[in-house]
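Here are the chains, one letter per residue:
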Amino acid sequence: MIKLGVPSKGRLMKETFDWFAECGVQLLKSGSDREYVGRVEGVNGVELVLLSAGEIPRELAAGRIHLGVTGTDLVHEKLANWADAVEPVAEMGFGFADLIIAVPACWRDVTYLHDLDAVAARFRAEHGFRLRIATKYHRLVRQFLTAQGVADYQLVDSQGATEGAVKNETAEAIADITTTGATIAANHLRILEDGLVLKSEATLWKSRNAGGDCGPLIRKIGTQ
Amino acid sequence: MSQLRAETARLLAVFEATGAVRVEADILQPAAVLLDLYGEDIRARAYVTSDPLRGEQMLRPDFTVPVVQRHMAVSAEPARYTYAGPVFRYQDSATGRAAQSEQVGYEVFDRSAPAGIEAEVFGLFHRILAPLGLTASTGDVGLLRAAIDGLTTSGARKAALRRHIWRPLRFQSLLTRFSQPVAQKVLGAGGQHIGLRTAQDVHERLAQLQDEATAPPIPAAEIEALTDLLAIRGKLPDALKLLQALTRRLPSIGPAVAHMAVRIKALDTAGVDVAQIGFEVAYGLTAMEYYDGFVFGFYAAKVGWPAIASGGRYDALTRVLGQGRAVPAVGGIIRPEYSLRAATGSAL
């Protein structure tokens, strides 16, 4: 039995169901709408596993599911050496999100990372601690800022409502995903010109650690 | 395992024979000091954990910081310390390196002639490792710092370059930017004031950017000389000759080059064959940020091995940890797991 991991709620689940339906594979939630049990029609030998999108990378890497749908951002963030653990099968054309770095719009002098770096040095000298960047994407943001040579910052964890962190004075800048930028702007923030860390999209991944024959399902998807 | 214990004991005994005091350090260190010192990069290298009472703690990523803290709190100079034990390095990607490894170290806090102390420490490591046939590399961060100090440019630009000595990419991009006329900066649109950074600070930096806009580029001849400086490499006597020649174009490195000449003489006196020791101006610039002068490493010609020993001068670190007090400090570590493997050719 091939296990297919799919986000268990919201728009991501609905769009995933629609995408598979267009390939002639019906993903169905059985029982009540609140029950996380489902089945697959249109291809044999595939079992539906409904999971939080954030847990799908881990389950793929552990080989407990054979295929899974989740964002590029989550795979790159949660799996060190992700390319050894999973391989992309299809980019699905929805769930687009950019992981970006944003600063308060009132920082008129800060439009590029090199400005952020310069301001971080000033901030640390004045306040005695490193400029705080709120995010839940610690690895991606740290790798990005290290590669870009930004110093004198620290990451602080924010698992939700990250755009509010500056107003709440728990951070001086943020790194978060955005689709339209509307929430960023509404919270008096502005994205840096060169502050794009990663472009993300809902993607179907195949585990390199699960074995099993995913051929029938992958062929079905390929013949749409 | 017993071989490793014997090797560790042997190295400790050599260091103790110089009069060094054996010291211990807790494996669990408060994270705040290390994070403030090394910045966010240390999180990609150190195991961070926390408990509800003490907050964030770190599995000791090195001994230097606790040994310096201990010295700054209680002791007077001169002082020599030695220590041994495991350090822990978090593996953010598959490097093949062990997460836990042994170090035996030696640290000297001494206000007497700096070149002599550097030669003493390097000479000691050189003598210990001589039977292993390793390659020794050295450098001196002081040369680059002196070159930056001598540039014809503003204090703010020199400070920016000094701050990024250890991030070669950012350093190069700053140098490129400062070597051209300043491009017109398009400011951000502005908005409601939020956050801890003050409106005054924004104001001050905008004024600074305005000053910057009229700043003349760093002269091309100086950029070229700095680039030539960073490219210098060779055996110690040859590198010294190149540096002495470059002093005509970069007069500010004169004292640092003279210091290097004294150190080479002291090494020679200590019995080191200086013609066999490599020197690179850019050596050590991507490694740990706290070295700010002479730096060294000993390497085996084995793929994937770390330096078998490394060390250097870290005066600035003592200033940061000493709360105003600073001590000239030189030290280094040997990785006994690797010195043992190099000696016996055996697996662990």
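Residues numbered from 1 in each chain as written. Chains lettered and ligands numbered in written order. Predicted model: local features only at pLDDT ≥ 70, side-chain atom pairs only at ≥ 80, totals over all residues.

J.: Go over the overall build of chain A with me, naming the residues and quoting the values.
T.: Counting its secondary structure elements, chain A contains 8 helices and 12 strands. Along the first, second and third principal axes, the C-alpha set of chain A runs to 65 × 35 × 30 Å. When the 224 residues of chain A are sorted by exposure, 44% land in the buried category. (Helix = DSSP H or I, 4+ residues; strand = E, 2+ residues; numbered from the N terminus. Buried ≥ 20, exposed ≤ 12 C-beta atoms within 10 Å, placed from the backbone.)

J.: Run through the overall build of chain B, naming residues and quoting values.
T.: Along its length, chain B carries 13 helices and 12 strands. Compactness check: chain B gives a C-alpha radius of gyration of 22 Å against a globular reference of 20 Å for 348 residues, within 12% of the reference. Along the three orthogonal principal directions, the C-alpha set of chain B runs to about 65 × 60 × 40 Å. Here chain B, with 348 residues, has 39% of them falling under the buried criterion. Restricting the contact set of chain B to residue pairs at least 6 apart, pairs at least 24 apart contribute 70%. (Rg over C-alpha atoms; globule rule 2.2 N^0.38 Å. Contact = placed C-beta atoms within 7 Å.)

J.: An account of the interface of chain A and chain B is needed here, citing residue identities and associated values.
T.: Between chain A and chain B, the residue contacts involve 33 residues of the former and 32 residues of the latter. Listed by contribution, the elements that provide at least two residues to the side of chain A that touches chain B are α5 (113-127), α6 (138-147) and β9 (153-157) of chain A. If one sorts the elements of the side of chain A that touches chain B by residue count, α5 of chain A sits on top with 7 residues. For the side of chain A that touches chain B, the per-class residue count stands at 14 nonpolar, 7 polar and 12 charged. (Nonpolar A, V, L, I, M, F, W, Y, C, P; charged D, E, K, R; others polar.)

J.: Residues and numbers for the sheet that holds strand β7 (residues 97-104) of chain A, please.
T.: Residues and elements named next belong to chain A. Read from one edge of the open sheet, 5 strands run β9-β8-β10-β7-β11, paired in mixed fashion. Looking at which strands have only one partner, the edges of the open sheet turn out to be β9 and β11 (189-200). Each strand of the sheet is rotated relative to its neighbour by a mean of 25°, with strand direction disregarded. Where strand β8 (residues 131-135) and strand β10 (residues 173-178) come together, 2 bridges link them in parallel fashion. Bridge pairing in β10 places Ile133 opposite Ala173. (Pairing = 2+ DSSP bridges. Axes fitted to C-alpha atoms, helices over the stretch in contact; angles between N-to-C directions.)

J.: Go over unusual backbone geometry, please, and point to the residues and values.
T.: Residue Pro78 of chain B follows Glu77 of chain B across a cis peptide bond; omega there is -5°. In this structure, Asn81 of chain A is a non-glycine residue whose phi angle is positive, near 55°. Relative to the assigned elements, Asn81 of chain A resides in the loop between α3 (72-78) and α4 (82-85). Although it is not a glycine, His188 of chain A sits at a positive phi angle of roughly 65°. Locating His188 of chain A in the fold gives a position in the loop between α7 (182-186) and β11. Since 19 C-beta atoms lie within 10 Å of it, His188 of chain A is described here as partly exposed.

J.: Before we move on, can you summarise the confidence of the model for chain B with the specific residues and values?
T.: Looking at chain B, the pLDDT average stands at 92 and 97% of residues meet or exceed 70. As a predicted assembly, this complex carries a pTM of 0.87 together with an ipTM value of 0.84. (pLDDT = per-residue confidence, 0-100.)

J.: Residues and numbers for the packing of helix α6 (residues 155-163) of chain B against helix α7 (residues 168-178) of chain B, please.
T.: Axis angle and axis distance: for two packed helices, these are the angle between their axes and the distance between the axes, and together they describe the pair. Residue and element names in this part refer to chain B. Running from N to C, α6 and α7 point in directions that differ by 160°, and their axes come no closer than 9 Å. Classed by the angle they form, the pair α6 and α7 counts as roughly antiparallel. Both α6 and α7 take part in a crossing whose hand is left-handed. Counting all contacts with α6, which are made through Arg157, Ala160 and Leu161, the residues of α7 involved are Phe171, Leu174, Leu175 and Phe178. Class assignment for the residues of the contact of α6 with α7 results in 6 nonpolar, no polar and 1 charged. (Parallel < 35°, antiparallel > 145°, perpendicular 65-115°, else oblique. Left-handed = near helix turned anticlockwise from the far one by under 90°.)

J.: Please give an account of the domain arrangement of chain B that cites residues and values.
T.: Residues and elements named next belong to chain B. One can read the domain layout of chain B as domain 1 (1-134 + 302-314 + 324-348) and domain 2 (136-184 + 201-299). At the junction of the two partners, domain 1 supplies 21 residues and domain 2 supplies 21 residues. Of all the secondary structure elements, the ones that give two or more residues to the side of domain 1 that touches domain 2 are α4 (114-129) and β11 (309-313). Per element, the largest residue contribution to the side of domain 1 that touches domain 2 is 10 residues, and it comes from α4. (Domains from an automatic or database assignment.)

J.: So what's going on with the environment of Tyr112 of chain A? Residues and values would help.
T.: Residues and elements named next belong to chain A. You can see Tyr112 is positioned in the loop between β7 and α5. Here Tyr112 falls in the partly exposed class, since 15 other C-beta atoms lie within 10 Å of it. When the C-alpha positions of Tyr112 and Gln143 are compared, they lie 17 Å apart, and in sequence the two are 31 residues distant. Residues in contact with Tyr112, not counting those within four places in the same chain, are Leu192, Glu193 and Asp194.

J.: Could you give me a rundown of the domain arrangement of chain A, with the residues and numbers involved?
T.: Residues and elements named next belong to chain A. Partitioning chain A into structural domains gives domain 1 (2-95 + 202-222) and domain 2 (97-200). On a C-alpha basis, the centroid separation for the pair domain 1 and domain 2 is 31 Å. Across the contact, 6 residues belong to domain 1 and 8 residues belong to domain 2. Top contributing element to the side of domain 1 that touches domain 2 by residue count: α3, with 4 residues. For the side of domain 1 that touches domain 2, the per-class residue count stands at no nonpolar, 4 polar and 2 charged.

J.: Let's hear about the sheet that holds strand β2 (residues 28-30) of chain B: which residues, and what values?
T.: Residues and elements named next belong to chain B. Spatially, 3 strands are ordered β2-β4-β3 in an open sheet, and the strand pairing comes out antiparallel. Strand pairing shows two members of the sheet lacking a second neighbour, β2 and β3 (48-51), which therefore form its edges. Between one strand axis and the next, the sheet turns through 40° on average, direction left out of account. Relative to strand β4 (residues 55-59), β2 runs antiparallel, the two being bridged by 3 bridges. The residue of β4 that forms the bridge with Leu28 is Leu59. Against the sheet, helix α2 (residues 31-38) contacts β2, β3 and β4, and its axis sits at roughly 75° relative to β4.

J.: Give a detailed account of the pairing of strand β5 (residues 67-71) of chain A, specifying residues and quantitative values.
T.: Residues and elements named next belong to chain A. Of all 5 residues that make up β5, 5 are buried, and the element is covered over most of its length. Pairing between strand β1 (residues 2-7) and β5: 2 bridges, direction parallel. Each bridged residue has a counterpart across the sheet, and for Leu4 the counterpart in β5 is Leu67. Both β5 and strand β12 (residues 202-207) contribute to a ladder of 5 bridges, which runs antiparallel. Counterpart to Gly68 in the pairing with β12 is Trp205.

J.: Describe the nonpolar core, listing the residues and the values that go with them.
T.: Across soluble globular proteins, you tend to see nonpolar side chains buried next to one another. Core analysis: the largest hydrophobic core is formed by 117 residues, its most contacted members being Ile133, Ala173 and Ile174 of chain A together with Ala147 and Leu229 of chain B. Within the second largest apolar cluster, 27 residues are counted, among which are Val6, Ala61, Val75 and Leu217 of chain A. (Core = buried A, V, L, I, M, F, W, Y, C linked by C-beta atoms within 7 Å.)

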